[in-house]
Amino acid sequence: MTMIRIEDLTFSYDNSFEKVFDHISLVLDSDWKLGLIGRNGRGKTTLLKLLMGQYEYQGKIISPVRFDYFPYQIDEPYRLVQQIFSELCPEVQEWELIRELSYLNMDKDVLWESYELLSQGEQLKVLLAMLFLHKGQFLLIDEPTNHLDSQGRETVANYLQKKKGFILVSHDRYFLDRCIDHIMAVNKDTIDIQKGNFSLWYDQYQKNQSREMHKNEQLKKEIRNLKQSARRTSLWSDQVEASKKGALDKGYVGHKAAKMMKRSKALEARQQKAIQAKATLLKNTETTDELKISPLPGRGTLVTFDHVSIFYDQKRICHDVSFTIENQDRIILAGKNGCGKSSLLKLLLKEDISYDGSLFFDHDLIISYVSQDIAWLKGNLKSFVRERKIDESLFKTILRKMGFERTDFEKNMEDFSDGQKKKVLIASSLCQRAHIYIWDEPMNYLDIFSRIQLEELLCAFLPTMIIVEHDHVFCDKIATKVIWLDENYLDKK
């Protein structure tokens, strides 16, 4: 057991006047399984890169162990996995890697495949196995679940349960509860560490938030009273000054008024000082403000899939799919990666995809779509709003509620974090009035607080939706129907 010390850490990007971290001090145990959480754009990935020494900073980072960052960048990905392993872990025996791969439900034959031909989930598992074989290192794992289906997340969670000595950035609450024994939360002004899993931390967080919000309301009330008192004092001093005009004994009245004026100004100054003192006690708490959506009125059965099979290059990827989308349904499409979930969404969007069977749409359906892909987002928000023909004020209000700062509105979208880009797409969809909302993996990159906001929104407003998503907690809370697509297996519940 060794200690990693972060002392008086201060950092800001060259093109920003705003500090990401301001005089932060922490002590981390190298045996911890530490979950790192916080709003998108709060600096989670930045902290990992500071630990890796990729940026210049003020303060000290003292570590007796070496840091490794995941996902590791692979040069020449066309090479065999075994060749990459020999280069990355020259001191480790091949049988040790085979053992690690077996823990991740991967066959040893993967060693003789080209790395670039593996699926993203398989690449993730191979890299995890290699990096955990390094001795005397502390692994920084940055959002490993984004390319994993539900089964893959379960496998990696089981693997990480047996490991120690890592920081895990993830927004999947179920995944965090399976993997970690400490939580590090990046807030607006501080970084807090607490022992336990995410659920324990969130219970305590809610209690603290309730307590702090109550204190804030009390302080705001006291400030309002002080301001009203200060206004009365100022008004009184003005009346005293006015009383000097036209007085018979001007010397006496002037002397008396001067004393009263001096006393009132001193009182007013004390009141202003008290207002400032109270204002500094207000906590800038991390809240989850209520979101809203205005779906178009439903009309019974909106879409019917009748024995639909989808083909790519004459290869069938899903078979004999039958279900309906009814008003206020919130349908989750579930199954392994590659089983046809996104293809079914594309059929709903009337893209040119080969299929058998029948697909019936109600007339004049309006659909709002959130794509899985965020890489295409570029340019400024004004242009984005204009192209989408959505209300700019409403759009920015939603983004503010989801954790955007006002300064973020001046940035180009290519400078946003992946989580912020995903919020842009979701906020755009929430601005649109539609009969059906189609969201393809909306939780990817999205912070925990935003996930909670969306759960509360969808349960309150009951829009008709069909969603591809692997977040267990989100699906359990919002789904009215789950469609499992797994080779020839289809189930509804």
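See the structure above.
Residues numbered from 1 in each chain as written. Predicted model: local features only at pLDDT ≥ 70, side-chain atom pairs only at ≥ 80, totals over all residues. Heavy atoms only, no water.

> Quick question: what am I supposed to make of the layout of surface pockets here?
If you roll a probe as big as a water molecule over the atoms, it shows you where there is empty space left. By volume, the second largest pocket amounts to about 890 Å³. Lining the second largest pocket are 33 residues, and of these Ser119, Asp149, Lys336, Asn337 and Gly338 lie nearest its centre. Secondary structure elements with two or more residues in the lining of the second largest pocket: helix H4 (120–132), helix H5 (150–161) and helix H9 (341–348). By residue number, the principal contributor to the lining of the second largest pocket is H4, which donates four residues. Taken together, the residues that form the lining of the second largest pocket break down as five nonpolar, 17 polar and 11 charged. (1 Å grid on protein atoms, 1.4 Å probe; cavity = no way out; pocket = protein on both sides within 12 Å on 5 of 7 lines; lining within 4 Å. Points joined across faces, edges and corners; volume = space filled by probe spheres on them. Helix = DSSP H or I, 4+ residues; strand = E, 2+ residues; numbered from the N terminus. Nonpolar A, V, L, I, M, F, W, Y, C, P; charged D, E, K, R; others polar.)

> Hey, could you run me through the packing of aromatic side chains in this one?
Within a pair of aromatic rings, the relevant descriptors are the distance that separates the centres and the angle that separates the planes. Within the structure shown, the criterion is met by 14 aromatic pairs. Here Phe198 and Trp201 contribute two aromatic rings whose centre-to-centre distance is 5.8 Å and whose plane-to-plane angle is 35 degrees, an arrangement assigned as tilted. You can see Phe198 and its partner Trp201 sitting in helix H7 (residues 198–243), three residues apart, about one turn around the helix. A residue is classified by how much of its surface remains accessible, and Trp201, at 7% relative accessible area, is buried. Centroid distance Phe404 to Phe409: 6.2 Å. Interplanar angle 20 degrees. Geometry classified as stacked. For the residue pair Phe404 and Phe409, the accessibility class agrees, reading buried in each case. (Phe/Tyr/Trp six-rings, centres within 6.5 Å; stacked < 30°, edge-to-face > 60°. Buried < 20%, exposed > 50% of the residue type's maximum accessible area, 1.4 Å probe, protein only.)

> Whenever I open this one, the sheet that holds strand E3 (residues 33–38) confuses me. Can you help?
Strand pairing in a sheet takes place through backbone hydrogen bonds and is either antiparallel or parallel in direction. Taken together, the six strands give an open sheet; going across it, the order is E5-E6-E7-E3-E8-E9, and neighbouring strands pair in mixed fashion. Either end of the sheet is taken by a strand with one partner, and the two such strands are strand E5 (66–70) and strand E9 (191–195). Each neighbouring strand pair of the sheet contributes to a mean axis angle of 20 degrees, computed without reference to strand direction. Bridge count between E3 and strand E8 (residues 182–186): five bridges; the pairing is parallel. Bridging from a neighbouring strand, Gly38 pairs with Val186 of E8. The strands that H4 touches are E5, strand E6 (137–142) and strand E7 (166–169); relative to E6, the one it contacts most, it runs at about 160 degrees. (Pairing = 2+ DSSP bridges. Axes fitted to C-alpha atoms, helices over the stretch in contact; angles between N-to-C directions. Contact = heavy atoms within 4.5 Å.)

> How should I be thinking about the sheet that holds strand E11 (residues 315–326) in this particular structure?
On the basis of which strands lie adjacent, the open sheet formed by three strands has the order E11-E10-E13 and antiparallel pairing. The open sheet terminates on both sides in strands that have one partner only, identified here as E11 and strand E13 (354–361). In this sheet, neighbouring strand axes are inclined to one another by 5 degrees on average, regardless of whether the strands run parallel or antiparallel. Judged from the seven bridges that link them, strand E10 (residues 301–312) and E13 form a sheet pairing that is antiparallel. Its bridge partner being in E13, Ile310 is matched across the sheet by Tyr355. Strand contacts of H9: E10, E11 and E13, with the helix running at about 125 degrees to E10, the strand carrying the most contacts.

> Where do I start with unusual backbone geometry in this structure?
Glycine aside, negative phi is the norm for most residues, and most peptide bonds take the trans geometry. The omega angle of the peptide bond from Phe70 to Pro71 is 10 degrees, so this bond is cis rather than trans. Structurally, the position occupied by Pro71 is in the loop between E5 and helix H2 (81–88). For His307, which is not glycine, the phi dihedral falls at a positive 50 degrees. For His307, the location among the structural elements is in strand E10.

> Looking at this structure, I do not really get the pattern of salt bridges. What am I missing?
Where charged atoms from two side chains of opposite charge approach closely, those side chains can pair. Tallied over the full model, the rule gives 21 salt bridges. For the salt bridge of Glu87 with Arg79, the shortest nitrogen-to-oxygen distance reads 3.1 Å. Judged by its relative accessible area of 13%, Arg79 falls in the buried class. Of the charged contacts, one joins Glu100 and Lys163 as a salt bridge, the two residues approaching to 2.9 Å between their closest N and O atoms. Here Lys163 lies in the loop between H5 and E7 and Glu100 lies in helix H3 (residues 94–103), a separation of 63 residues in the sequence. Exposure class is identical for Glu100 and Lys163. Each is buried. (Salt bridge = Lys/Arg side-chain N within 4 Å of Asp/Glu carboxyl O.)

> How do you make sense of the pairing of strand E15 (residues 436–440) when you look at a structure like this?
For a regular strand, side-chain orientation follows a simple rule: the groups alternate between the two sheet faces. Burial within E15 is extensive, with five of its five residues counted as buried. The side-chain alternation of E15 yields two buried faces, one formed by Ile436, Ile438 and Asp440 and the other by Tyr437 and Trp439. Pairing geometry for strand E14 (residues 367–370) and E15, over four bridges, is parallel. Looking across to E15, one finds that Tyr369 is bridged to Ile438. In this structure, E15 lies alongside strand E16 (residues 465–468), joined through four bridges in parallel fashion. Along E16, the bridge assignment pairs Tyr437 with Met465. Taken together, E15, helix H13 (residues 448–461) and E16 form a β-α-β motif whose crossover is right-handed. (Right-handed = clockwise from strand over helix to strand, strands pointing away.)

> Would you explain the nonpolar core in this entry?
Burial of nonpolar side chains together is a common tendency in soluble globular proteins. Formed by 48 residues in total, the largest nonpolar core has its most connected members in Leu128, Met130, Ile141, Leu160, Leu168 and Trp201. Here Leu128 is in contact with Phe70, Leu139, Ile141, Val156 and Tyr159, once residues within four sequence places are set aside. By size, the runner-up hydrophobic cluster in this structure holds 40 residues, among which are Ile293, Leu458, Met465 and Phe474. (Core = buried A, V, L, I, M, F, W, Y, C linked by side-chain atoms within 4.5 Å.)

> Looking at this structure, how should I read the packing of helix H10 (residues 381–388) against helix H11 (residues 392–401)?
In helix packing, the relevant descriptors are the interaxial angle and the interaxial distance, both defined with respect to the helix axes. Contact geometry for H10 and H11: axes closest at 10 Å, N-to-C directions at 125 degrees. Comparing their axes, H11 and H10 come out oblique. Handedness of the crossing formed by H10 with H11: right-handed. Residue-level inspection shows Leu381, Lys382, Phe384 and Val385 of H10 in contact with H11, the latter providing Glu392, Phe395 and Leu399. (Parallel < 35°, antiparallel > 145°, perpendicular 65-115°, else oblique. Left-handed = near helix turned anticlockwise from the far one by under 90°.)

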